[in-house]
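The primary structure of each chain is shown beneath.
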Amino acid sequence: VILLCFRRCLLMALTSCLFWNTFGLTAAMDYKPNILLFLADDLGIGDIGCYGNNTIRTPNIDRLAREGVKLTQHIAAASLCTPSRAAFLTGRYPIRSGMASSNRYRALQWNAGSGGLPANETTFARLLQQQGYTTGLIGKWHQGVNCESFDDHCHHPLNHGFDYFYGMPFTLLNNCQENQPPELDVALQARLWLYSQIITVAVLTLTAGKLTGLISISWKILACFTLAGSLFFISWYSSYGFVQYWNCILMRNHDVTEQPMRLERTAALMLKEAVSFIERNRHGPFLLFVSFLHVHTPLFTTAKFLGKSCHGLYGDNVEEMDWMVGKILNSLDKQGLKNHTFTYFASDHGGHLEAQDGSAQLGGYNGIYKGGKGMGGWEGGIRVPGVFRWPGVLPAGAVIDEPTSLMDIFPTVVHLAGGILPQDRVIDGRNLVPLLQGRAQKSEHEFLFHYCGSYLHAVRWHQKDSGAVWKAHYVTPVFHPLGAGACYGKGICPCFGEGVTHHDPPLLFDLSRDLSEAKPLSADTEPLFDIVIRKIGRAIEEHRRTLTPVPEQLSLYNVMWKPWLQPCCGTFPFCWCDKEGDTTQSL
């Protein structure tokens, strides 16, 4: 009798477990979860503890990984912020939306440029808004502001599905901090300064020659020459001379609140806004996209964290960002929302290897992966952290080594919200929920295409039957100096021209055996070489047939500074204000 009872209890327990595995996770998703997305700026995959770093302290991000799912092959759609974030928001390769550049300007340069995420692109925020979500963006945008006038806000977050925006419409630059060397278009500025000096010397020489009688020139011609030189100087210095005022601003919805922004309190303001958004919308459902300004140069870090890490200013900045993650997660706990919130953490692309100050490294660490920010194909520029948590729905402590993309967030959160993907366009992302829950063992991605601007540099083929991950490089940057692993002295590696090498046949690697991309394969060393190259070649042809021509948002005209588009909290050009006051002391 005891044995019979034991068997009956065991059968009931097994039936209960089977029921939960089959129906429980689905039932847990019958309601709409809150969605919290963290996206770091320029963070390397090797910078945080759960990805192997034991010298920079990131306990809060590590806690997300322990309580959730960690992806080890999470890939950005671009290795620079503007195109990568466009792909993240839309679930589409940036070349489809016109956010991929064919010139050397691969990211938006000004708040007063006319380029940006087109109004006809659909973001996940827009679709979640339609499903009854309150949507908010705190932090960096860098997808444009205006198109034709200073207040049309055609590219603004509120025109792309966000109900609330507080943050920086642009991105941090060295120019945003006093006593830092300029970062925006340094080479061009140097040439413009040189031309201005030459013109000045020429004017002074002609004037002296006229006064001494050595040069025969009319005062009228000299005046016209002086006027032309002055106009030339004003035309470029009115933009590049005031970058801090034009680009380094904070906005709340459509209103400029700080111009220029005060970096010493920016982190506290962002944190306060994120916590406040959660508190205001605790009855949900909400989407909160926390788009960190960390860890982009100039790495402004509050005094509380300065000198606390083992990796100088960069490590301090990473640890401050992790602390902010912890504070926001604590706010979820305080509101009792932890188990009702789908949380995600990633970086927009790899660490910036060329960011240095003398011997001090100011950019991220990309672990064992070759290359970094700005390099379209090498793993170090595109392989990023990817951590998900949803207690009770996603398994804790799981690790998935399948190819996934930042573009996958779009269909994933739309699925969780009960929305329907747009049917009038190609969506390159894939719903990750089955993979994250363990109901699927393989990624839906067979091929991933790695662009540098609008130029295809590499292609990844996930050969599901064998488990191999092949990667073919058709174009690679020329490192400077040769063999250095980055383009030191150039700021960032180019996508085309003399700064790249074209490979025919392409360089081929099997990432399942060579993560560092150190040993290119050939027909002599790899029996499947020709088969793999042909397979990838056919995939490129099929991919290109899905592309349609669209206006290039990063054309030279669209990225140039246009004073009539400048966001301004006063009467242009007198743009300065501080509407925040000292509101951060409690943090």
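Residues numbered from 1 in each chain as written. Predicted model: local features only at pLDDT ≥ 70, side-chain atom pairs only at ≥ 80, totals over all residues. Heavy atoms only, no water.

In the nomenclature of an unreviewed UniProt entry, the chain is known as ARSD Arylsulfatase of Columbina picui.

A. View of the packing of helix α6 (residues 186-212) against helix α7 (residues 219-240). The interhelical angle for the contact between α6 and α7, taken along N-to-C directions, is 160°, at an axis separation of 10 Å. Here α6 is positioned roughly antiparallel relative to α7, judged by the angle of their axes. As for how α6 packs across α7, the hand of that crossing is left-handed. A breakdown of the residues in the contact of α6 with α7 according to their chemical character gives 17 nonpolar, five polar and one charged. (Axes fitted to C-alpha atoms, helices over the stretch in contact; angles between N-to-C directions. Helix = DSSP H or I, 4+ residues; strand = E, 2+ residues; numbered from the N terminus. Parallel < 35°, antiparallel > 145°, perpendicular 65-115°, else oblique. Left-handed = near helix turned anticlockwise from the far one by under 90°. Nonpolar A, V, L, I, M, F, W, Y, C, P; charged D, E, K, R; others polar.)

B. Layout of α7. The end-to-end C-alpha separation of α7 is 31 Å, in line with the 32 Å expected for 22 residues at 1.5 Å each. Packing partners of the buried residues in α7 comprise α6 and α8 (243-247). (Expected span 1.5 Å × (residues − 1). Contact = heavy atoms within 4.5 Å.)

C. Quick peek at the pattern of salt bridges. Following the criterion strictly, the structure yields 24 salt bridges and no others. Across the salt bridge formed by glutamate 526 and arginine 513, the nearest N and O atoms sit 3.0 Å from each other. Here glutamate 526 is found in the loop between β17 (500-510) and α14 (529-545), whereas its partner arginine 513 is found in the loop between β17 and α14, with 13 residues between them in sequence. Take glutamate 526: its relative accessible area is 8%, and that puts it in the buried class. When salt bridges with common partners are traced through the structure, they connect Glu258, Arg262, Glu264, Arg265 and Asp578 into a single cluster. (Salt bridge = Lys/Arg side-chain N within 4 Å of Asp/Glu carboxyl O. Buried < 20%, exposed > 50% of the residue type's maximum accessible area, 1.4 Å probe, protein only.)

D. A look at the packing of aromatic side chains. Enumeration over the complete set of coordinates arrives at 31 aromatic pairs. Plain terms: the ring middles of phenylalanine 88 and phenylalanine 124 are 5.5 Å apart, the flat faces sit at 85° to each other, and that makes the pair edge-to-face. Residue phenylalanine 88 is located in helix α3 (residues 81-90), and its partner phenylalanine 124 is located in helix α5 (residues 124-130); the two are separated by 36 residues in the primary sequence. An aromatic cluster of at least three residues, connected via ring pairs, comprises Tyr31, Phe88, Phe124, Trp141, Phe162, Phe289, Phe342, Tyr344, Phe388 and Trp390. The ring of tryptophan 378 carries lysine 370 above its face, with NZ or CZ at 4.4 Å from the centroid. The residue whose ring lies beneath lysine 562 is tyrosine 557, and the NZ or CZ to ring-centre distance is 4.2 Å. (Phe/Tyr/Trp six-rings, centres within 6.5 Å; stacked < 30°, edge-to-face > 60°. Lys NZ or Arg CZ within 6 Å of the ring centre and 35° of its normal.)

E. Spotlight on the UniProt feature "transmembrane region" (unreviewed entry) in the chain. Per the UniProt record, "transmembrane region" (unreviewed entry) is found at residues 192-209 and 221-243. Annotated as residues 192-209, this span is 100% helix and 0% strand, and its ends, taken at the C-alpha atoms, are 25 Å apart. (UniProt positions renumbered as here; feature names shortened; annotations may be inferred.)

F. Broad picture of the side chain of serine 79. On the secondary structure map, serine 79 appears in the loop between β2 (69-75) and α3. The exposure class assigned to serine 79 is buried, which follows from its relative accessible area of 2%. Within polar-contact distance, the side chain of serine 79 engages the backbone nitrogen of methionine 375 at 3.2 Å. Apart from residues lying up to four places away in sequence, serine 79 is in contact with Arg106, His349, Lys373, Gly374, Met375, Gly376, Gly381 and Ile382. (Polar contact = N/O pair within 3.5 Å; in protein donor to acceptor, adjacent residues only side chain to side chain.)

G. Examining the nonpolar core more closely. Core analysis: the biggest nonpolar cluster contains 70 residues, and Phe38, Leu43, Leu288 and Phe345 have the highest contact counts within it. Among the elements that make up this core, the one with the highest residue count is helix α9 (residues 263-280) (nine residues). Both domain 1 (34-172 + 250-445 + 557-565) and domain 2 (186-241) contribute no fewer than three residues apiece to this core. Residues within four places of leucine 288 in sequence aside, it is in contact with Ile35, Leu36, Leu37, Gly136, Ile138, Ala274, Phe277 and Ile278. (Core = buried A, V, L, I, M, F, W, Y, C linked by side-chain atoms within 4.5 Å. Domains from an automatic or database assignment.)

H. Quick look at the packing of helix α2 (residues 59-66) against helix α10 (residues 312-334). Here α2 crosses α10 at 55°, and the two axes come no closer than 7 Å. Considering the angle they form, α2 stands oblique to α10. Note on element contacts: α10 touches α2 through Met321, Asp322, Trp323, Val325, Gly326, Leu329, Asn330 and Asp333, opposite Pro59, Asn60, Ile61, Arg63 and Leu64. Of the residues that constitute the contact of α2 with α10, the class distribution is seven nonpolar, three polar and three charged.

I. Representation of the environment of leucine 565 in the model. Examined against the element boundaries, leucine 565 turns out to sit in the loop between α15 (556-559) and β18 (577-578). Spatially, the C-alpha atoms of leucine 565 and glutamate 148 are 6.7 Å apart, while their sequence positions differ by 417 residues. Ignoring any residue separated from it by four or fewer positions in sequence, one finds leucine 565 in contact with Asn111, Ala112, Gly113, Ser114, Asn146, Cys147, Glu148, Ser149 and Phe150.

J. Fine view of the confidence of the model for the chain. With 94% of its residues at a pLDDT of 70 or more, the chain has an overall mean of 93. Here residues 1-7 is modelled with pLDDT under 50, and outside its nearest four sequence neighbours on either side it reaches zero contacts, counting other chains as well. Of the regions scoring below 50 in pLDDT, residues 9-24 engages in three contacts with residues more than four places distant in sequence or in other chains. (pLDDT = per-residue confidence, 0-100.)

K. Region of the structure containing the environment of tyrosine 369. If you trace the backbone, tyrosine 369 turns up in the loop between β10 (360-361) and α11 (379-382). Here tyrosine 369 falls in the buried class, since its relative accessible area comes to 15%. Remark: the alpha-carbon pair of tyrosine 369 and leucine 188, spanning 181 residues in sequence, is separated by 32 Å. Once residues lying within four places of it in the same chain are set aside, the contact partners of tyrosine 369 are Ile45, Thr72, Glu379, Gly380, Arg383 and Leu515. Polar side-chain contacts of tyrosine 369 include one of 3.4 Å to the side chain of arginine 383.

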